Amino acid sequence: MELEQDALSLPAIAPPWFRGVTGDPFLLADMAHAVGGPFHVLFPQQFAANLAAFMHAISSAGLDGHVMFAKKANKAGAWLQACAEAGAGVDVASAEELVHALARGVRGTDLVVTGPAKSERLLWLAARHDCLIAIDALDELDRLLALVPYRECVHVLLRVLPEVNPDSRFGFDADELDIALSRCVEQRHRVSMEGFSFHLSGYEVQPRAQLADQLLDRLVDARARGLAATSISIGGGFAVSYFEAQTWARFLHNSNAADFHASKQFAQWYPYHQSPVGADMLAAILASETGCGSATVGEKFIRTDTKLLLEPGRALLDRAGVTVFPVEGFKRRGDYGITTVRGLSMSMSEQWKSSEFLPDPILWPAKEPGDGQLAGPVRSCVGGASCLEYDMLTWRKVVLPREPRHGDLLIYPNTAGYQMDKNESEFHGLRVPPKIVVTHDNRGNFRWQLDENGYQL
């Protein structure tokens, strides 16, 4: 059977920095030697490029806007410093995240505080540092006012419950929003109601454009009541493509249970190819027609003198990081093998959402000169180092260029967005994989250092 041309291979779109790192004969080996276990590799320059693309989409549309990185997508400090250097903001949802962002140079005025039923410590810190606070419920607004000294003023957004997602546990419904607006009017010497925010599930352009259009009208009405009402946050959920279109379509059409270890089946997949993605999706939202059809959403932002806020996470991290697992061993199971790595599937969050992270892992080095026994491709699933049957990093029988052996490295591409640390665990006493920041200088040299998470309060 010819495995080189496997019809179900899923190679991820590889950025130049990744090809440079894997092409270096020593860099990954030195990292693995220093760390001794699995690790994540971060490339902040790719993050900065993604951020610049979003900022360009805003400026080219003629809007006043602010991009705020959704920190929950990855805990590393390197992204925060990139935001500070670019003048971007950060979306935080805990006191620890807020402190970490401040420590990496992000100003309080560039932070938006989101999440439900925020702790008193988080509300107090946010008010002290003049952060923008997305209020999620009436009692949260009352608790915030109780924490703020009488002569001080706090800046808030009111999070709206979208009609297209009525079962969401977040945001104000229509009646609650009216009450919240009235309270903001009554307390406008203490509360600056800066506008509305929302977050939609899924990755479609039109629902975001429609809700932004509707809230712009509501914003104008709020101004007439004496509120500041300067901004609308359209949240995150900007699409990312891991594969080329034909690669993803081929997999969806041809894959079956036999392609997975133990005939494992899954109910759903992340949409690994989408269009438009990232900053292009933002541009498409702004170019969408308004409900009256006489202008675009972007033009309506301009006409109403409204600031656009957005909170991308995964889209800013697209192609900005990979995860590396040292290989411990390999065994045969009929026509395929099982590769066991040092580390746990908890370090790949998709595996713990009744799904699978599908991009092909890459065996490094791909070839071992002079070792004829390992020549030729092999099909293999990938298991973690625990004693659990379901500790599988890859149930799919992927094609590797040769049999893996102890000391090799297995690299999972494009893992920075939500995969690295959402479900991390020290099960069996294994430490959480560290993050290594790689930079590339003008002379073509890569340098690396450990990232710091900095969550101490």
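If you check an unreviewed UniProt entry, the protein appears there as Amino acid decarboxylase from Mycobacterium haemophilum.

**Describing the overall build of the protein**
From N to C terminus, the protein includes 13 helices and 17 strands. Expected size for 457 residues packed as a compact globule is a radius of gyration near 23 Å; at 24 Å, the protein falls within 12% of this value. Taken over the C-alpha atoms alone, the protein extends approximately 80 × 45 × 45 Å along its principal axes. A total of 457 residues make up the protein; the buried ones form 53% of that total. As displayed, the protein has an accessible area near 20000 Å², and 50% of this comes from carbon and sulfur atoms. Positive and negative side-chain charges in the protein, numbering 43 and 55 respectively, have mean positions lying 3 Å apart.

**Remarks on the packing of helix H6 (residues 120-128) against helix H7 (residues 138-147)**
In contact at an axis separation of 10 Å, H6 and H7 are set at 60° when each is read in the N-to-C sense. Between H6 and H7, the angle falls in the class oblique. Helix-helix and strand crossings are classified by hand; for H6 and H7 the assignment is right-handed. On H7, the residues touching Glu120, Leu123, Trp124 and Ala127 of H6 are Glu140, Arg143, Leu144 and Leu147. Within the contact of H6 with H7, the residues separate by chemical class into five nonpolar, no polar and three charged.

**Re the sheet that holds strand S2 (residues 65-70)**
Ordered in space as S2-S3-S4-S5-S6-S7-S8-S9, the eight strands form a closed barrel in which the pairing is parallel. Across the sheet, the mean angle from the axis of one strand to that of its neighbour is 30°, orientation sign disregarded. By the bridge criterion, two bridges tie strand S4 (residues 111-113) to strand S5 (residues 132-135) in an arrangement that is parallel. Looking across to S5, one finds that Val112 is bridged to Leu132.

**A closer look at the UniProt feature "active site" (unreviewed entry) in the protein**
Mapped onto the present numbering, the UniProt feature "active site" (unreviewed entry) falls on Cys387. Structurally, the position occupied by Cys387 is in the loop between strand S13 (378-383) and strand S14 (392-400). Owing to a relative accessible area of 61%, Cys387 belongs among the exposed residues under this scheme.

**Focus: the side chain of Glu311**
Relative to the assigned elements, Glu311 resides in the loop between strand S9 (307-310) and helix H13 (314-317). Within the buried set, Glu311 has no salt-bridge partner at all; the shortest N-O distance to an opposite charge, 6.0 Å, is to Lys72. A distance of 2.7 Å separates the side chain of Glu311 from the side chain of Ser233, its partner in a polar contact. The residues contacting Glu311, other than those within four sequence positions of it, are Met68, Ala70, Asp91, Val112, Thr114, Ser233, Gly235 and Gly236.

**Quick notes on the domain arrangement of the protein**
Each assigned domain of the protein is listed here: domain 1 (16-43 + 321-450) and domain 2 (44-239 + 274-317). Each side of the interface is counted separately: domain 1 has 16 residues, and domain 2 has 13 residues. At the junction of domain 1 and domain 2, the tally comes to one salt bridge. Ionic pairing is found between Glu424 and Lys75, a salt bridge with its closest N-O pair at 2.6 Å. Our enumeration of links across domain 1 and domain 2 arrives at seven residue pairs in polar contact (both at pLDDT 80 or more). Among the residues forming the side of domain 1 that touches domain 2, the class breakdown is eight nonpolar, five polar and three charged.

**Digging into the pattern of salt bridges**
Under the counting rule described, the total for this entry stands at 16 salt bridges. Among the ionic contacts, a cluster of salt bridges with common partners joins Asp213, Asp217 and Lys300.

**Re the nonpolar core**
If you look at the biggest cluster of nonpolar residues, it comprises 113 residues, and the most contacted ones within it are Phe47, Leu158, Met193, Ile234 and Leu282. With eight residues, helix H9 (residues 205-224) is the largest single contributor of residues to this core. Structurally, this core is a two-domain feature, drawing no fewer than three residues from each of domain 1 (16-43 + 321-450) and domain 2 (44-239 + 274-317). Beyond its immediate sequence surroundings of up to four residues, Leu158 is in contact with Ile135, Phe172, Leu177, Ala180, Leu181, Cys184, Met193, Gly195, Phe196 and Ser197. Counting residues in each nonpolar core, the second largest holds 18 residues, with Leu27, Val35, Phe39 and Trp364 among its members.

Rules used throughout
Residues numbered from 1 in each chain as written. Predicted model: local features only at pLDDT ≥ 70, side-chain atom pairs only at ≥ 80, totals over all residues. Heavy atoms only, no water. Helix = DSSP H or I, 4+ residues; strand = E, 2+ residues; numbered from the N terminus. Rg over C-alpha atoms; globule rule 2.2 N^0.38 Å. Buried < 20%, exposed > 50% of the residue type's maximum accessible area, 1.4 Å probe, protein only. Areas by Shrake-Rupley, 256 points an atom, 1.4 Å probe, with all protein chains shown as cover. Lys, Arg positive; Asp, Glu negative; His and termini not counted. Charge placed at Lys NZ, Arg CZ, Asp CG, Glu CD. Axes fitted to C-alpha atoms, helices over the stretch in contact; angles between N-to-C directions. Parallel < 35°, antiparallel > 145°, perpendicular 65-115°, else oblique. Left-handed = near helix turned anticlockwise from the far one by under 90°. Contact = heavy atoms within 4.5 Å. Nonpolar A, V, L, I, M, F, W, Y, C, P; charged D, E, K, R; others polar. Pairing = 2+ DSSP bridges. UniProt positions renumbered as here; feature names shortened; annotations may be inferred. Salt bridge = Lys/Arg side-chain N within 4 Å of Asp/Glu carboxyl O. Polar contact = N/O pair within 3.5 Å; in protein donor to acceptor, adjacent residues only side chain to side chain. Domains from an automatic or database assignment. Core = buried A, V, L, I, M, F, W, Y, C linked by side-chain atoms within 4.5 Å.

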